[in-house]
Amino acid sequence: MACPAMESAAATALRSVLSRGHMAAERSGRSREQVRIVAVSKTKSVSVIHQAYEAGHRVFGENYVQELVEKAPQLPADIEWHFIGNLQSNKVKALLGGVPNLDMVETVDDEKIANHLDRAVANLGRKPLKVLVQVNTSGEESKYGVEPSGCVELAKHVKLRCPSLIFSGLMTIGMLDYSSTPENFKTLRNCRTEVCEALGIPEEQCELSMGMSADFEQAIEMGSTNVRIGSTIFGPREYPKKDKVSEPKSSSS
Ligand SMILES: *Cc1c(COP(=O)(O)O)cnc(C)c1O
């Protein structure tokens, strides 16, 4: 591991993603520190995640509660975990209890889940938890994320009614196949304008989580502050074949 020539594939890919991300940040007139790169490690083994950690990375994303709760205790405590999957109320306690170093939940998409998270954070005596409001910008299906027209109301709810949560911005996935379009990104930016006006906060205090493997440079150029990158760092996902686990919305976290 000390020898650069023997660097792991994940570390090499990570380095390339980081440098592409940094260049895109500069093209958008920002510094590299203003764009966070979340390494999405779902379906990847603890040892592969550890390779990226050894290469210096600290921010990782997972979208299944069960999987994260199993992996997190096997990995260093200074990892900042982002939860990026669809979160069910009955899994909130397991998530918060099992992952003390959970840094952010990116997928708050209704008041009910916000309230559950808020209560659970308070009950566990945890420090306030950063959350993003997930917006459905592709209009494809309404299950994941609030409609753009509902983003102000949900952001307000989190900011004003959930004292144990820190409203930190907006997130979008785009299409079901994980591709996004500039229109999706523009929609999220418009949501931010509305939310910031309604809440009276500067835009710098409202993150935009948009952009994945296929489109993260464009997303950064369009203002993303948080890109979520899986396959470009870790290779294609490895779902157990016999379980036919797939990524559609029906899969549970
Ligand atoms: C899996 C996943 C990603 C990463 O997708 P890649 O195309 O592999 O980079 C990003 N965001 C969310 C919400 C995901 O579930």
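Coordinates for the structure precede this section.
Residues numbered from 1 in each chain as written. Predicted model: local features only at pLDDT ≥ 70, side-chain atom pairs only at ≥ 80, totals over all residues. Heavy atoms only, no water.

Enquirer: I'd love a proper account of the pattern of salt bridges, names of residues and values included.
Expert: If you walk through the whole model with that rule in mind, you get nine salt bridges. Between aspartate 103 and lysine 130 there is a salt bridge, with the nearest N and O atoms lying 3.1 Å from each other. Separated by 27 residues along the polypeptide, aspartate 103 in strand S4 (residues 102-108) and lysine 130 in strand S5 (residues 129-134) bring together distant segments of the chain. Note that arginine 192 and glutamate 203 form a salt bridge whose closest N and O atoms lie 3.6 Å from each other. Here arginine 192, found in helix H7 (residues 182-199), pairs with glutamate 203, found in the loop between H7 and strand S7 (207-209); they are 11 residues apart in sequence, far enough to count as distant. Judged by relative accessible area, arginine 192 falls into the buried class, the value being 12%. When its relative accessible area of 30% is taken as the criterion, glutamate 203 is described as partly exposed. If you follow the salt bridges from partner to partner, you end up with Glu62, Glu67 and Lys71 in one network. (Salt bridge = Lys/Arg side-chain N within 4 Å of Asp/Glu carboxyl O. Helix = DSSP H or I, 4+ residues; strand = E, 2+ residues; numbered from the N terminus. Buried < 20%, exposed > 50% of the residue type's maximum accessible area, 1.4 Å probe, protein only.)

Enquirer: Account for the site of the ligand, with residues named and values stated.
Expert: Taken together, 14 residues surround the ligand, and among them Lys42, Asn63, Ser213, Gly230 and Arg237 come closest. Within the side chain of lysine 42, a nitrogen or oxygen atom sits 2.7 Å from an oxygen atom of the ligand. Between the ligand and arginine 237 there is a distance of 2.7 Å, counted from an oxygen atom to a side-chain nitrogen or oxygen. Protein burial of the ligand: of its 390 Å² of free accessible surface, 96% is covered by the chains. A class-by-class count of the residues in the shell around the ligand yields seven nonpolar, four polar and three charged. (Near = heavy atom within 4 Å. Polar contact = N/O pair within 3.5 Å; in protein donor to acceptor, adjacent residues only side chain to side chain. Areas by Shrake-Rupley, 256 points an atom, 1.4 Å probe, with all protein chains shown as cover. Nonpolar A, V, L, I, M, F, W, Y, C, P; charged D, E, K, R; others polar.)

Enquirer: Just give me the short version of unusual backbone geometry, but keep the residues and values in it.
Expert: Backbone geometry at threonine 43 places phi at a positive 70°, although glycine is not the residue there. Along the chain, threonine 43 falls in the loop between strand S1 (36-40) and helix H2 (46-54).

Enquirer: Go over the environment of valine 146, please, and point to the residues and values.
Expert: Assignment of secondary structure puts valine 146 in the loop between S5 and helix H6 (151-161). Take valine 146: its relative accessible area is 13%, and that puts it in the buried class. Put simply, valine 146 and asparagine 136 are 10 residues apart on the chain and 5.6 Å apart in space, counted from C-alpha to C-alpha. Apart from the residues within four sequence positions on either side, valine 146 is in contact with Asp109, Val133, Gln134, Val135, Asn136, Cys151 and Leu154. (Contact = heavy atoms within 4.5 Å.)

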